[in-house]
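# Understanding the architecture of this molecule
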Amino acid sequence: MIEAFEKWDLARRHIGREVRYFPRLDSTNQYASGLDLGDGENGLVILTNEQTAGRGQYGRRWLAGPGSSVLMSVALMPPPLLRRPVILTAWAAVAAAETIRLATGLQARIKWPNDLLIDGRKVCGILIEQGRGTVVGIGMNANQSEEEFAAAGLPLAGSLASLSGRDFDARELALELIEQLDAEYDPLLRGEHSALESCWAWRLGLLGHEAIVEDNAGQRHRGRVLSISFSDVCLESTQDGPIRFLPEQVRSFHRAGSAPMSG
Ligand code: BTN
């Protein structure tokens, strides 16, 4: 079925040069992945008011009623050095956290690798899917109540409304998010990562703390976090001295003594 959409002209440099806004879609990631992505679609943003088959991490569903959330996918044709999910996830997470701060005054933490939390409640999730192009999917909970999350079996989820006590226009949040994404994409294209890396590391809230890294082989490592960058994560272990990981080798990363919340 061909879905009708509104086209928004935002005059953005990269992200949101074209925006397609759908009243309803199965999944914005599904739609964007189904496009024959080429350079003309680089930066195309797909938005919807409602998703009927939203995709989450690990093959889960992402549930969101009409008008409750920002439901966005960005179609990208990034240059090879930017085709790293760790960089694209950090880019999306920092832009989403900044959007939340501007809308609510609240600071969101990044939970490695893909979630944003406020007061321990998940308010935003990111799903990157790569084929010939790259699709960066962002779901931000705007207006759901605590009762709705409890009824859906998601007691650890939160929305901007449930955490700040007021309602939000998901379209306005989406416009701000596009602006944040666009502003940070240009430096990334020029290979300038350091501002993004610092914001990402700060929002992870792990530097200097005793933490646990679980690697992709399922092994757990404990130590004080010495550094976090897109090149490596370094822990100072009392037994083994410094241990370094590529970010891609790290499955979960959290402070010692705090349970890793499942995504
Ligand atoms: C997660 O499980 O935390 C990731 C959730 C990502 C959800 C967003 S909503 C917009 C985009 N379209 C999808 O189908 N999924 C992503």
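Remember, predicted model here, so these are calculated numbers, not experimental data. (Residues numbered from 1 in each chain as written. Predicted model: local features only at pLDDT ≥ 70, side-chain atom pairs only at ≥ 80, totals over all residues. Heavy atoms only, no water.)

### Digging into the side chain of S27
As a reminder, the rule being used: Going along the chain from the N terminus, every DSSP run of H or I of four or more residues is numbered as a helix, and every run of E of two or more is numbered as a strand. Between buried and exposed lies partly exposed: a residue is buried under 20% and exposed over 50% of the maximum accessible area for its type, with that area taken using a 1.4 Å probe on protein chains only. Pairs of N or O atoms are called polar contacts if they sit within 3.5 Å, as long as, within protein, a hydrogen donor faces a hydrogen acceptor (for residues adjacent in sequence, only side-chain-to-side-chain pairs). We call two residues in contact whenever any of their non-hydrogen atoms come within 4.5 Å of each other.
Within the fold, S27 resides in the loop between β2 (19-22) and α1 (28-33). Judged by relative accessible area, which is 2%, S27 ranks as buried. A distance of 3.2 Å separates a polar side-chain atom of S27 from the backbone nitrogen of N29. With residues near it in sequence (within four places) discarded, S27 still touches Q51, A53, G54 and R55.

### Thoughts on the pairing of strand β12 (residues 220-228)
Heads up, the condition is: DSSP-based pairing: two strands are paired if at least 2 bridges between them are found.
As paired strands, strand β11 (residues 210-215) and β12 are joined by five bridges and run antiparallel to one another. Bridging from a neighbouring strand, V213 pairs with H221 of β12. Taking the residues between adjacent antiparallel strands as the criterion, β11 and β12 are bridged by four residues, where G218 takes a positive phi near 90 degrees. Of the strand pairs in this sheet, β12 and strand β13 (residues 233-237) are connected by four bridges, and their pairing is antiparallel. Bridge pairing links I228 to V233 in β13.

### Describing the site of the ligand
Formally: Consider each residue's heavy atoms; a residue with any of them within 4 Å of a molecule or strand counts as near. Methods summary: accessible areas were calculated by the Shrake-Rupley approach with a probe of 1.4 Å, and residue burial reflects only the protein chains presented. Under the grouping applied here, Gly and all other residues not named as nonpolar or charged are polar, the nonpolar ones being Ala, Val, Leu, Ile, Met, Phe, Trp, Tyr, Cys and Pro and the charged ones Asp, Glu, Lys and Arg.
Every one of the 20 residues lining the ligand counts as a neighbour, but S27, T28, R55, Q57 and K122 are closest to it. Between T28 and the ligand, the recorded distance is 2.9 Å, taken from a side-chain N or O atom to a nitrogen atom. Measuring from an oxygen atom of the ligand, one finds a backbone N or O atom of R55 at 2.7 Å. In the complex, 99% of the free accessible area of the ligand, which totals 420 Å², lies under the protein chains. Mapped by element, the contributors of at least two residues to the shell around the ligand are α1, β4 (54-55), β6 (69-76), β9 (121-130) and β10 (134-141). Ranked by the residues each element gives to the shell around the ligand, the list is headed by β9, at four residues. Its residues assigned to classes, the shell around the ligand comprises six nonpolar, eleven polar and three charged.

### Quick word on the sheet that holds β12
Let me state the cut-off plainly: Here the axes come from fitting lines to C-alpha atoms, over the contacting stretch only for helices, and the angles between their N-to-C directions go from 0 to 180 degrees.
Read across the sheet, five strands follow the order β14-β13-β12-β11-β15 without closing on themselves; strand pairing throughout is antiparallel. Each of the sheet's edge strands pairs with one partner strand only, and the pair in question is β14 (241-245) and β15 (250-255). Recorded for the sheet is a direction-independent mean angle of 40 degrees between the axes of neighbouring strands.

### Considerations on the environment of L246
Here L246 is to be found in the loop between β14 and β15. C-alpha of L246 to C-alpha of L88: the two residues are 158 residues apart in sequence and 15 Å apart in space.

### Observations concerning the pattern of salt bridges
Defined as follows: Here, a salt bridge means any side-chain nitrogen of Lys or Arg that lies within 4 Å of a carboxyl oxygen of Asp or Glu.
Here the structure, examined in full by the defined rule, presents 16 salt bridges. Its salt-bridge partner being E98, residue R101 comes within 2.5 Å of it at the nearest N-O pair. On the criterion of helical spacing, the pair formed by R101 and E98 is a turn pair, its members being three residues apart in helix α2 (residues 85-104). Residue classification places E98 among the partly exposed positions, given a relative accessible area of 21%. Salt-bridge contacts for D115 lead to K122; the nearest nitrogen and oxygen are separated by 3.0 Å. The same class applies to D115 and to K122, which are both buried. Through salt bridges with shared partners, one network takes in R13, D186, R190 and E192.

### Structural notes on helix α5 (residues 170-189)
Each α-helix winds once per 3.6 residues, and so residues spaced three or four apart point in a common direction. Just so we agree on the cut-off: The span one expects for a helix is its residue count, reduced by one, times 1.5 Å.
Across its 20 residues, α5 extends 28 Å between first and last C-alpha, which sits within 8% of the 28 Å expected from 1.5 Å per residue. Buried within α5 we find A170, L173, A174, L177, I178, Q180, L181, D182, Y185, D186, P187 and L188. Put simply, D169 is the residue that caps the front of α5, since its side-chain oxygen is 2.8 Å from the backbone nitrogen of R171. Phi turns positive one or two residues past the end of α5, at G191, with a value near 80 degrees.

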